[in-house]
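Read off the chains here:
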Amino acid sequence: MQSEQRHRIGIIGPFGDPISQLIEDYPEDAQSTYLMVTNPMDAIGLVDSLLVLNQDYALTYLPALLESALPCKVILRRGETAERQFQAEESIALLGNSLQQAKSEVVELLAITKESADSCQLLTQRKIGQMKPLHRLSGERPTVALRRDDEVFNFSFPLGSGLQETRQAEKDVFNWVRLRRLANLIAGDPNDLDMEDMTAFSRGEDGVPAPPARSGTPTMVVVVPNGIGLGHVTRMMSISMELKRSKGFRVVFWCFSRAAAIVQAAGFEVVLRQTFSHINAHPPDWRWGGRVEFAKLLADVKPDIVSYDGGSFDRFLLNAMRTPGCGKSGVLWVRRGMMSPDTPESILNPEQFSDLVLEPGDLAVDADVGPTRNGKAEFQGFCENLFVPSVTLRPYLKDYSRSEARKRLGLKRWGRYCLMSLGGAFGNWDELLWNVTENAKRNGINLVWAQSPLAAPPVASDKKTLIRQIYPLGPYLSAFDGVISATGYNSFHELLIGYDKPVLLAPTNQDRIDDQIARARYADEQGWCDVLYPTRPEEQPATIARFMKAVKSKAKITTRPKEFLPQDEMVSRLMGLVDRYRN
């Protein structure tokens, strides 16, 4: 069956105008699509009608508006200040006279509120309609007073138990159709009549029927940055697998990472993108194109949640969500803890754009002294924070038996094998490699080098070195009698939950954000593993020798956590976001 054609509305006016965003809450939005238009004549054949956001734009394009013969609505706007009220009235009167002389039946004049419509009717001596009001949203929300010239707004945010805290956010990161679900908006300047009209419109009116709540499969769009490793991708695939398993989510990855093929192989939809450095593009042009393309995806998919795992939201994403028709999605920021203590607190500021900040649990959280634990974002917005159990792929994948894992990796059924998965830079690499290789030979242990799917093969120390591409690692752990690993979030938790063989961690001290040394030290203090501290090179030979003897003797570690905890609270909170933006 052919789907019903959506009504196409061309919008003429400044990008980010709140009225162009709020009309997404009209009941007919499900049958409408929006296109920003710069020239009415160019829109012929592309749109079914035009919406002009103020009288100044209407006067600028009036000859073309009339010539296009497209049905057109013009929204008349009152002045922003007492001084500019006269200019607004003059433009409204001029537009009314021009339309009267043209005897046009194509252009319909509207005002945002009844008060504004009455005022404009006196100026034009013609009937001025009022924009259909929005429905009033239920539920308690903080009140936010907006002033046009203030880039930042302040408000009191409820913390529960009657407590409040003062928060702030930058005004231009929000689509107003989303903002009205987060706050009760009022004008902060009584002389700004246009702001009075817009905020009154945003609050809606009692008795106006709400649009039918969106139904069907809950949907999430995941934006994956181009990280050095697979951490961002792995965490987001883990969360997506949980949502897919427990609530039947559809998940679409907007993927800059070279790991797109991995995401696709896991059964997720992928929209592959290139960074500006990959295609040697001018960054402002790249961001403009990214905003347009991402907005197309949002308008088509209409996700309930847009999620991001990374350090900061790129402007293309913020602007895409401010595009008309693209605002009714919750925002999830997945933010790893255990950042280095000297990481600036400004890294927390994307909180202001987020509905929910989700921090995957870290076994070493008691050693976390970074900004996510001890700092506070300058711009917190309306976000809430949620700490969940450790997030990795292992709970969602089949674990192979020892014989099956070795068979799949092409390893012999008998013998000792130790996996080397060291990832990034580590102190004196040559000396480390020599010590590991010599101790492995002395104890009759075969070394298997893990090759990242994103990296070239490691340089083998001799022709007998075994190299395997293993991702994800979890299903194959049973093949190995021990593992020497880097100490990133995913490796750490895959190895120290439910794996009982010796582990030797090699944390890097060259990561400016991830505090791998603190994470490894905590595990060492719990007796979960041995650690090669990059700042203690004199200890490394003895540590490696002790680890290899443990591998040779088939030692088992019984003190580690046995299993991953359920993610019920995460699922519940994300379904809460779905409900917020579907109504």
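Source: prediction; values computed, not measured.

A. Inspection of the environment of L393 at higher detail. Counting through the fold element by element, L393 comes out in the loop between β17 (384-388) and α13 (402-409). Each C-alpha atom, one on L393 and one on E242, is 9.5 Å from the other, the two residues being 151 residues apart in sequence. Apart from the residues within four sequence positions on either side, L393 is in contact with T234, M237, S238, M241, Y471 and P472.

B. Quick look at the nonpolar core. The biggest cluster of nonpolar side chains holds 58 residues, and the ones touching the most others in it are M131, F153, F294, L317 and F382. Broken down by element, the residue count for this core peaks at six residues, all from helix α10 (residues 283-301). In this view, L317 contacts V223, F294, Y308 and F353; residues no more than four positions away in its chain are not counted.

C. Quick look at helix α5 (residues 114-124). If you check which residues of α5 are buried, you get S116, A117, C120 and T124. Summarising the axial view, the buried residues of α5 lie within an arc of 100°, below the 170-degree limit, and thus occupy one face. Away from the buried face of α5 by more than 90 degrees, exposed residues K114, E115 and L122 are located. Buried-residue contacts for α5 involve β4 (72-76), α4 (82-102), β5 (107-111), β6 (129-130) and α7 (193-203). Immediately downstream of α5, the backbone of Q125 shows phi near 55°, a positive value.

D. Here's a closer look at the sheet that holds strand β20 (residues 466-469). The six strands are arranged β20-β19-β18-β21-β22-β23 in an open sheet whose pairing can be described as parallel. Looking at the sheet topology across the chains shown, the edges are occupied by β20 and β23 (530-531). Note: strand β19 (residues 445-451) against β20, four bridges, orientation parallel. Within β20, the position partnered with Q451 by the bridge is Q469. The sheet contacts of helix α17 (residues 540-552) involve β18 (416-421), β19, β21 (482-485), β22 (503-505) and β23, and relative to β21 the element is tilted by about 150°.

E. Looking closely at the packing of aromatic side chains. Within the structure shown, the criterion is met by 18 aromatic pairs. Through a chain of ring-to-ring contacts, three or more aromatic side chains come together here, namely F153, F155, F157, F174 and F382. Here the basic side chain of R178 rests over the ring of F353, its NZ or CZ set 5.1 Å away from the ring centre. Positioned above the aromatic ring of F268 is the side chain of K244, whose terminal nitrogen or guanidinium carbon lies 5.2 Å from the ring centre.

F. How the structure looks around the environment of Q567. By the secondary structure assignment, Q567 is in the loop between α17 and α18 (568-582). Residue class for Q567 comes out buried when judged on its relative accessible area of 6%. Side-chain polar atoms of Q567 contact the backbone oxygen of P389, separated by 3.1 Å.

Calculation criteria
- Residues numbered from 1 in each chain as written.
- Predicted model: local features only at pLDDT ≥ 70, side-chain atom pairs only at ≥ 80, totals over all residues.
- Heavy atoms only, no water.
- Helix = DSSP H or I, 4+ residues; strand = E, 2+ residues; numbered from the N terminus.
- Contact = heavy atoms within 4.5 Å.
- Core = buried A, V, L, I, M, F, W, Y, C linked by side-chain atoms within 4.5 Å.
- Buried < 20%, exposed > 50% of the residue type's maximum accessible area, 1.4 Å probe, protein only.
- Arc of directions from axis to C-beta.
- Pairing = 2+ DSSP bridges.
- Axes fitted to C-alpha atoms, helices over the stretch in contact; angles between N-to-C directions.
- Phe/Tyr/Trp six-rings, centres within 6.5 Å; stacked < 30°, edge-to-face > 60°.
- Lys NZ or Arg CZ within 6 Å of the ring centre and 35° of its normal.
- Polar contact = N/O pair within 3.5 Å; in protein donor to acceptor, adjacent residues only side chain to side chain.

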